[in-house]
Amino acid sequence: MNNQHLILNNVTKQYGTQKAVNDVNLALHAGECVGLAGHNGAGKSTMMKLILGLIRPSSGSITLFGEDISRGHSAAIRCQMGYLPETVALHPSLTGKETLDFYAKLKGTDLAHNHALLERVGIAQSAHKRVGAYSKGMRQRLALAQALLGEPKLLLLDEPTTGLDPASRQMFYQIINELKQRGATVLLSTHALAELDGHADRIVVMKNGHKVADGNMHELHIQSGLPTKIVAQL
Ligand code: ATP
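How each quantity is defined
- Residues numbered from 1 in each chain as written.
- Predicted model: local features only at pLDDT ≥ 70, side-chain atom pairs only at ≥ 80, totals over all residues.
- Heavy atoms only, no water.
- Near = heavy atom within 4 Å.
- Polar contact = N/O pair within 3.5 Å; in protein donor to acceptor, adjacent residues only side chain to side chain.
- Helix = DSSP H or I, 4+ residues; strand = E, 2+ residues; numbered from the N terminus.
- Salt bridge = Lys/Arg side-chain N within 4 Å of Asp/Glu carboxyl O.
- Buried < 20%, exposed > 50% of the residue type's maximum accessible area, 1.4 Å probe, protein only.
- Contact = heavy atoms within 4.5 Å.

K.L.:
Help me understand the site of the ligand, please; the structure alone is not making it clear to me.
P.N.:
What surrounds the ligand is the set Tyr-15, Gln-18, Ala-20, His-39, Asn-40, Gly-41, Ala-42, Gly-43, Lys-44, Ser-45 and Thr-46. Gln-18 places a side-chain nitrogen or oxygen 2.8 Å from an oxygen atom of the ligand. Lys-44 places a main-chain nitrogen or oxygen 2.9 Å from an oxygen atom of the ligand. Every element with two or more residues in the shell around the ligand is listed here: strand E2 (18–29) and helix H1 (44–52). It is H1 that contributes the most residues to the shell around the ligand, three residues altogether.

Now the structure itself:
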């Protein structure tokens, strides 16, 4: 049981009469990459916010690394999480290095590791260039470096590869595979399901707040880029 990093137990998040997340059960294991799929409004972002502790469940419980986080995260738990939002606020007049140093100070991680982190995401040679001059791929790599600060054991990625060039996309999946090998857990929301083939161990499909499917690519019949069974579920 202690290889279960994250457990959602009958989790519901209600806004007025609407259940953005409705009675969801989910367990994510160490070393697992899980894709979170579903149309706009399905409840994916609400799930991520619940796990991040930005909002609290209306009912049900969430356990992370063995600790109940339903009513808030301890600082120790927070340090073990990394998050890449769909849109990252990067100040254009700061350099890549200054940006990462800023986030490292916020998170309380050692600045000495930042150069290696910029190398890992392939932008060390541009560390002293202003972010305003970065391409979309470089900005997203910098945003990923921010999410990797402190070597998180749980990484949440919200649409990380949307609009990315092929080389950056490949780098993202390479890093995800490295994280998995180190025993970290990755939860990644995406519309590009076929892209997850060979990287995601499971796909969780959301619809109207409900979890409507949970299985590997083969079980969900994702073939040739056509998520046939998933399309039927949506
Ligand atoms: P997208 O891909 O567009 O981000 P999503 O799957 O992430 O969609 P959510 O953002 O989780 O969906 O929203 C699920 C439902 O909950 C939507 O109908 C949304 O309007 C509603 N919702 C989300 N946040 C709030 C809020 N703060 N107040 C009221 N309703 C909300």
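K.L.:
I tried to follow the pattern of salt bridges on my own but got confused; where do I start?
P.N.:
It is possible for side chains bearing opposite charge to pair when their charged atoms get close. One pass over the full model with this rule turns up eight salt bridges. A salt bridge links Lys-180 to Asp-201; its shortest N-O distance comes to 3.3 Å. Of this pair, Lys-180 sits in helix H6 (residues 166–181) while Asp-201 sits in the loop between strand E8 (185–189) and strand E9 (202–207); the two residues are 21 residues apart in sequence, bridging distant segments of the chain. A relative accessible area of 33% places Asp-201 in the partly exposed class. For Asp-214, the salt bridge goes to Arg-202, with nearest N and O atoms at 3.0 Å. On the criterion of sequence distance, the pair formed by Asp-214 in strand E10 (residues 210–215) and Arg-202 in strand E9 is long-range, its members being twelve residues apart. A relative accessible area of 32% means that Asp-214 is categorised as partly exposed. By relative accessible area, which is 14% here, Arg-202 ends up buried. Several salt bridges converge on common partners, so that one network encompasses Glu-32, Arg-202, Lys-211 and Asp-214.

K.L.:
What is the right way to look at the environment of Met-47 in this model?
P.N.:
By the secondary structure assignment, Met-47 is in helix H1. On a C-alpha basis, the gap between Met-47 and Glu-195 in space is 22 Å, while along the polypeptide they are 148 residues apart. Among residues more than four places away in sequence, those in contact with Met-47 are Leu-8, Val-21, Val-24, Leu-26, Leu-36 and Met-206.

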